[in-house]
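What follows is each chain in one-letter form.
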Amino acid sequence: MVYNDLNVSISDVFFKASMLNSDFSTSNASVAAPRQTIQHWLHPPSGRLKVNVDAAWDPSIPRAGVGAVIRDSQGRIIASSYKNILSTGGSIFVEATTFLFGIELVITMQVQDFILEEDALIIVSDLKAKKIALAPYGKCVDSAIHLFQDLVCEVVHTPRINNKLADSLAHLGMNFGASVLFVGHVPNACSHIAIFELSV
């Protein structure tokens, strides 16, 4: 399928539509219900760690970025990382890759028990159901499910607005070629987001 002189796959269109539907449903839920919608990162329960992952993708270039950050129940940064990857599988494949990237980070940091949070609802649903995905991203989901067997991991969906730090890291990954690990902090370019999320 070609759109605006860009070759876009059907799976990318489906993924973008599901992301927009998720955002629409979240927005409508907050309109229909008079409760307050949370619009920031949520701390994990005391004694647990949370790993947020996200991807940044531009269909006009064959590269993408993935980002991950581990925080404790006080919001302190345990580790953060970003990496540049090939995006030949399209946006949904790149989003699925973020889960593997997050798992790589927890294994590197020797974390065994954590909450893994992402804003790609369709992939979160597949991981929670532990079902084999027949989509192009299926191999990533299957690999993540296999890796979860040795870890205590709760997979959670979060609205995009609550995943800003991981998104910022992913954008760094898209723009820089190296894979970078930061222990105990985030890169300076992302520190304002980390500080803001601690203050709310």
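Residues numbered from 1 in each chain as written. Predicted model: local features only at pLDDT ≥ 70, side-chain atom pairs only at ≥ 80, totals over all residues. Heavy atoms only, no water.

(A) Main features of helix α6 (residues 191-199). Of the residues making up α6, those classed as buried are Ile 193, Ala 194 and Glu 197. Across the axial projection of α6, the buried residues extend over an arc of 100°, all falling on one side. Exposed residues lying more than 90 degrees from the buried face of α6 are His 192, Ile 195 and Ser 199. Of the surrounding secondary structure, the elements contacted by the buried residues of α6 are β4 (63-71), β5 (77-86) and α5 (164-175). (Buried < 20%, exposed > 50% of the residue type's maximum accessible area, 1.4 Å probe, protein only. Helix = DSSP H or I, 4+ residues; strand = E, 2+ residues; numbered from the N terminus. Arc of directions from axis to C-beta. Contact = heavy atoms within 4.5 Å.)

(B) Here's a closer look at the nonpolar core. Core analysis: the biggest nonpolar cluster contains 34 residues, and Ile 70, Phe 114, Leu 116, Ile 123 and Leu 127 have the highest contact counts within it. For this core, the secondary-structure elements that each account for two or more residues are β3 (49-57), β4, β5, α2 (91-108), β6 (113-118), α3 (121-129) and α4 (138-148). A total of nine residues in this core trace back to one element, the largest contributor, which is α2. Phe 182, Val 186, Ile 193 and Ala 194 belong to the second-largest nonpolar core, a separate cluster that totals 11 residues. (Core = buried A, V, L, I, M, F, W, Y, C linked by side-chain atoms within 4.5 Å.)

(C) Layout of α3. Ile 123, Val 124, Asp 126 and Leu 127 are the residues of α3 that are buried. On an axial view of α3, the arc spanned by its buried residues comes to 160°, and they lie on one face. Lys 130 sits one or two positions beyond α3 and adopts a positive phi of about 50°.

(D) Geometry of the packing of α2 against α4. The N-to-C vectors of α2 and α4 enclose an angle of 20°; their axes lie 9 Å apart at closest approach. Taken together, α2 and α4 sit at an angle that is classed as roughly parallel. By crossing handedness, the relation of α2 to α4 is classed as left-handed. Between α2 and α4, the contacting residues are Phe 93, Ala 96, Thr 97, Leu 100 and Ile 103 on the first element and Cys 140, Ser 143, Ala 144, Leu 147 and Phe 148 on the second. (Axes fitted to C-alpha atoms, helices over the stretch in contact; angles between N-to-C directions. Parallel < 35°, antiparallel > 145°, perpendicular 65-115°, else oblique. Left-handed = near helix turned anticlockwise from the far one by under 90°.)

(E) Fine view of the packing of aromatic side chains. As enumerated under the stated definition, the model contains one aromatic pair in all. On the numbers, 6.1 Å between centres and 35° between planes, the contact of Tyr 82 with Phe 182 is tilted. Taken together, the residues span a long stretch of sequence, with Tyr 82 in strand β5 and Phe 182 in strand β8 (residues 180-183) at a distance of 100 residues. Overall, the relative accessible area of 15% leaves Phe 182 in the buried class. (Phe/Tyr/Trp six-rings, centres within 6.5 Å; stacked < 30°, edge-to-face > 60°.)

(F) Focus on the confidence of the model for the chain. With 80% of its residues at a pLDDT of at least 70, the chain reaches an overall mean of 83. Here strand β1 (residues 2-3) stands out as the element of the chain with the lowest mean pLDDT, 51, in contrast to β8, whose mean of 96 is the highest. Considering only residues more than four positions removed or in separate chains, one finds that residues 27-34, a stretch of pLDDT under 50, has three contacts. (pLDDT = per-residue confidence, 0-100.)

(G) Representation of the pattern of salt bridges in the model. What the rule picks out here adds up to six salt bridges. For Lys 50, the salt bridge is made with Glu 117, and the minimal N-O distance between the two is 3.1 Å. Of this pair, Lys 50 sits in strand β3 while Glu 117 sits in strand β6, and the two are 67 residues apart along the sequence. Glu 117 matches Lys 50 in its accessibility class, with the two residues each being buried. Its salt-bridge partner being Glu 104, residue Lys 83 comes within 3.8 Å of it at the nearest N-O pair. Of this pair, Lys 83 sits in strand β5 while Glu 104 is found in helix α2, placing the two residues 21 residues apart along the sequence. Take Glu 104: its relative accessible area is 41%, and that puts it in the partly exposed class. (Salt bridge = Lys/Arg side-chain N within 4 Å of Asp/Glu carboxyl O.)

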